[in-house]
Amino acid sequence: LSGMDLTPPSKTLRHVFHQWKAVGDRSEDGNRACERALRAFEESQGAVAVKAITYAHGANFRKALLASKLSQKTARDYFVWVRALLRFAQNDLGIISRNPWARLSIDKPKDTPRRPWTLDDLRLLFGHPLFTEYRLPKDPKAGKAAAYWIPLLGLFTGARVSELAQLRRGDVFTDEGELYLNITDEADHQQLKTSHSRRTLPVHPELIRLGFVRYWQGLGGTTQDPLWPDLPLRQDKPGGYFSQWFGDLRREIGLGKYPDFHCFRHTVRTQLAEARYPEAVKDRVTGHSVKGSTGTKVYEHTDALIKEAVYSIKFDGLHLQGHHSP
């Protein structure tokens, strides 16, 4: 029997995926992304046995992805994930002797650089009746009060949309008379991009002026309850539904592809850069990994500097309307 191939001929990429997931320290985000790609392959090409997968399957899958409603980046990511499973089946499991998709690829899309929000962009967005009259949208994806507060929090923190969408009431707290926002993945439903994303930020005075404290205090409930009780969270990306609604709002007011919500991060980093804050401080505020051991040592205890940096964010010429009801 030593020379016989005992691999079951019906072994599919689904079997490979389960073995791939069990090996190594893979993130849950990576596991979910790979499974979404695998599901797309199965829907397009069927549950094909690994040994039966050919170059033609790859070419057809690539064609189906590019013809779908997916962005080119997402289509490319899906293709790369499935190709990686085939490589794992070859190199680690020995199911196949060669990867039939080794020479197949989807071109990386040309990057359209994100840019900070301009003052005119911000006036257009925050001149919408949602912000001037607190006219909350009826679309359930907007999450009622979340539609008003999450863009403002993004503007004055540079936080990612999913970080803000998944906040609990206990993630807002006071310490020595100051209000803070705890961005964390402690709860079961919470996810962060990396471990460096965990951070505590002071709440900007402008948000307090606009009524954020009254909103938070008026919610009641427990510390584990969501900060946005009417906002639906997407399982694999908590801010996914909100992002869809925010994209609709941007199109409604006449904005193009950019600036999008993520551009609030660029806006904050640009302001901090212009104010000459060190790179490590900008990374701490926005939840990027602090580059270099020196930066980590110097800035790991700079709470006062982080507070100063956040408080320095300002938009001269932008007049925001406050709302004080929960």
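This is a predicted model, so every value here is computed, not measured.

Definitions and cut-offs
For every chain, the first residue of the written sequence is number 1, and numbering continues from 1 along that sequence. For this predicted model, a pLDDT threshold of at least 70 governs which residues receive local features, and a threshold of 80 or more governs which side-chain atom pairs are given and counted, while totals over whole chains, interfaces and linings are taken from all residues. Neither water nor hydrogens contribute to the side-chain values; these are computed over all heavy atoms in the structure. In this text, helices come from DSSP runs of H or I with a minimum length of four residues, and strands from runs of E with a minimum of two, each type numbered from the N-terminal end. Between buried and exposed lies partly exposed: a residue is buried under 20% and exposed over 50% of the maximum accessible area for its type, with that area taken using a 1.4 Å probe on protein chains only. Polar contacts, as used here, are pairs of N or O atoms within 3.5 Å; protein pairs need one atom able to donate a hydrogen and one able to accept it. Residues neighboring in sequence count only if both atoms are side-chain atoms. In this description, a line fitted to the C-alpha atoms serves as the axis of each element, helices being fitted only across the stretch in contact, and the angle between N-to-C directions of two axes falls anywhere from 0 to 180 degrees. For classification purposes, angles smaller than 35 degrees are called roughly parallel, those larger than 145 roughly antiparallel, those between 65 and 115 roughly perpendicular, and all remaining angles oblique. The criterion used for residue contact is that any of the two residues' heavy atoms lie within 4.5 Å. Only Asp, Glu, Lys and Arg are considered charged, only Ala, Val, Leu, Ile, Met, Phe, Trp, Tyr, Cys and Pro nonpolar, and every remaining residue, Gly among them, polar. Here the expected span of a helix is defined as 1.5 Å times the quantity of residues minus one. A score between 0 and 100, pLDDT records how confident the predictor is in each residue. Basic side-chain nitrogens of Lys or Arg form a salt bridge, by our definition, when they fall within 4 Å of a carboxyl oxygen of Asp or Glu.

Draft legend 1. Here's a closer look at the side chain of E163. Mapping E163 onto the fold places it in helix α8 (residues 161–165). Judged by relative accessible area, which is 3%, E163 ranks as buried. For E163, the side chain forms a polar contact with the side chain of R160, separated by 2.7 Å.

Draft legend 2. Here's a closer look at the packing of helix α7 (residues 145–157) against helix α11 (residues 240–252). For the pair α7 and α11, interaxial distance at closest approach is 11 Å and the crossing angle is 85°. If you check the angle between α7 and α11, you find them roughly perpendicular. For the pair α7 and α11, contact is made by A146, A147, I150 and P151 and by F242, W245 and F246, respectively. When the residues that make up the contact of α7 with α11 are grouped by side-chain class, the tally is seven nonpolar, no polar and no charged.

Draft legend 3. Structural view of helix α2 (residues 28–45). In this model, α2 (18 residues) spans 25 Å end to end at C-alpha, consistent with the 26 Å of a helix rising 1.5 Å per residue. Listed as buried for α2 are G30, N31, A33, C34, A37, L38, A40, F41 and Q45. The inward-facing, buried residues of α2 abut α1 (13–22), α3 (55–67) and α4 (72–91). Immediately downstream of α2, the backbone of G46 shows phi near 90°, a positive value.

Draft legend 4. Fine view of the confidence of the model for the protein chain. Summing up the model confidence of the protein chain, the mean pLDDT is 86 and the portion of residues at 70 or higher is 87%. For the protein chain, per-element mean pLDDT is lowest for helix α14 (residues 293–299), which scores 45, and highest for α7, which scores 97. Counted against residues more than four places away or in other chains, residues 1–7, with its pLDDT under 50, gives three contacts. Predicted confidence is poor over residues 293–299, with pLDDT under 50, and the contacts of this stretch with residues over four places away or in other chains come to eight contacts.

Draft legend 5. How the structure looks around the pattern of salt bridges. Applying the stated criterion to the full structure yields 17 salt bridges. For the salt bridge of E163 with R160, the shortest nitrogen-to-oxygen distance reads 2.7 Å. Assigned by exposure class, E163 and R160 land together as buried. Across the pair K307 and E178 runs a salt bridge whose closest N-O atoms are separated by 3.0 Å. Taken together, the positions of K307 in helix α15 (residues 303–311) and E178 in strand β2 (residues 178–183) put the pair 129 residues apart, joining distant regions of the chain.

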